[in-house]
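Working through the structure, step by step
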Amino acid sequence: MKVALPLLLLACLSSQAVASDYTPLMKARKFADAERLANSRLEKDPNNAEALAAKVDAIIETGNQGRFEEAAKAGEQCVAAHPQVAACHLALGNALGAKALANGVMSALGYAGTIRDAFKKAVDLDPHNFEARMALLNYYLQAPGIVGGGKGKARTLIAQTATFHPEAAKVMQAYFDVVDETFSAAEAAITAMPVSASEAIAEQQRDVLVSLGNAHTAAKRYADAERVLRLAIERFPEHDNALYAMARLQQAQGKYREAAAVLEPLLARAPRAGGWYRLGQSHQALGDKAKAANAYAQALAMPGGMSKTARADAETQLKAMRN
């Protein structure tokens, strides 16, 4: 399965579709607390659909790849107990999608069809579930045709959505344009839209902007990246994704002191392994080995949230600093 835009893909996978007691905990990145709450309810009601779906979301959000199989089993249990509940099918697709990202293309092909079918079923059961529609759109755009992907199917889904929810369709089209590398069209569309009153749609508006900024950063179009990311920060000041993307942009330009200044307050309120790793890189580039070692150690102490390559590099750098 092609992974062109991992940040937006993960945003779709961890959609937090269950709007309930779990939602404030997930928004506050208190994933362990959300999972504990789900587990306490599952002790009394082992097949509680809301709790199973929330548990899947909480596990995925931690980024702990060693637990993605557990998330998949919870999703399967939810679907088996509640075959007519859209949130269960979405949770299963999310969990298997996380496994696909973690395990690579070849291993993902074996259950790619199951991911597609889970998202399709969620949309069929709840046509107004925007998270499910975004997940299915993402599948069509990322998966090869041999397992049911394809831009034609993505266009059809967008057109069908436009018949009853034009605002959602516009966001979906902007995402399509980012994946299709039609960056000017994506930016024009997403910036022309006011921030949606729908929280689910607003989150995807933000993530399209962040993914667009990251795409510009990767292509070394730094001025374009900064323009887009500053707009994302202005429109969504309560979210951290755009700030993390801005720190990445500053690092790419060699502005390590500026990157550290963004990352330090972010990590104080919303720690992420990847953020600690980038802070370690910044302090190391600035020659502060003590702060760099501490940041790498913090990154490695978290169970997930970093790629295998980044984790291996953090281990190597920390070992060298301590010798």
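Along each chain, residue indices are assigned from 1 in the same order as the chain's sequence is written. Where totals are concerned, whole chains, interfaces and linings use all residues; where local detail is concerned, this predicted model gives features only for residues with pLDDT of at least 70, and gives and counts side-chain atom pairs only at 80 or more. For side-chain calculations, the full set of non-hydrogen atoms in the structure is used, while hydrogens and water are omitted.

Further remarks concern the environment of Ala122. Relative to the helices and strands, Ala122 resides in helix 8 (residues 112-125). Each C-alpha atom of the pair Ala122 and Ala87 lies 6.7 Å from the other, and the pair is 35 residues apart in sequence. Whether two residues are in contact is decided by their heavy atoms, any of which lying within 4.5 Å being enough. If near-sequence neighbours (up to four positions away) are discounted, Ala122 is found in contact with Ala86, His89, Leu90 and Ala132. Each helix corresponds to a stretch of at least 4 residues labelled H or I by DSSP, and each strand to a stretch of at least 2 residues labelled E; elements are numbered beginning at the N terminus.

Okay, the packing of helix 3 (residues 31-44) against helix 4 (residues 49-62) next. Helix axes are fitted to C-alpha atoms over the stretch in contact, other axes to C-alpha atoms as well, and angles between N-to-C directions run from 0 to 180 degrees. Where helix 3 contacts helix 4, the two axes come as close as 9 Å, and the packing angle between them is 155 degrees. Viewed along their axes, helix 3 and helix 4 adopt a mutual orientation that is roughly antiparallel. Seen from above, helix 3 lies across helix 4 with left-handed handedness. On helix 4, the residues touching Phe31, Ala34, Glu35, Ala38, Asn39, Arg41 and Leu42 of helix 3 are Glu50, Ala51, Leu52, Lys55, Ala58, Ile59, Glu61 and Thr62. For this classification, the nonpolar set comprises Ala, Val, Leu, Ile, Met, Phe, Trp, Tyr, Cys and Pro, the charged set comprises Asp, Glu, Lys and Arg, and every other residue, Gly included, is treated as polar. For the contact of helix 3 with helix 4, the residue count by class is 8 nonpolar, 2 polar and 5 charged. Under this scheme an angle from 65 to 115 degrees is roughly perpendicular, one under 35 degrees roughly parallel, and one over 145 degrees roughly antiparallel; angles in between are oblique. By the definition used in this description, the sense in which the near helix is turned from the far one sets the handedness, with an anticlockwise turn below a right angle giving left-handed and a clockwise turn giving right-handed.

Here, the term nonpolar core denotes a set of buried Ala, Val, Leu, Ile, Met, Phe, Trp, Tyr and Cys residues that are joined through side-chain atoms within 4.5 Å. Each residue is assigned to one of three classes by its accessible area relative to the maximum for its type, calculated with a 1.4 Å probe on protein chains only: buried under 20%, partly exposed between the two thresholds, exposed over 50%. In terms of nonpolar packing, the biggest core is built from 78 residues, with Phe130, Leu137 and Tyr139 touching the most fellow members. If one sorts the elements of this core by residue count, helix 6 (residues 86-103) sits on top with 10 residues. If you look at the next biggest cluster of nonpolar residues, it comprises 21 residues, including Val262, Leu263, Tyr277 and Ala310.

Confidence scores per residue from the predictor, reported as pLDDT, run from 0 to 100. Across the protein, pLDDT averages 91, with 93% of residues at or above 70. By mean pLDDT, helix 1 (residues 6-13) is the weakest element of the protein at 42, and helix 10 (residues 151-162) is the strongest at 98. Predicted confidence is poor over residues 1-18, with pLDDT under 50, and the contacts of this stretch with residues over four places away or in other chains come to 61 contacts.

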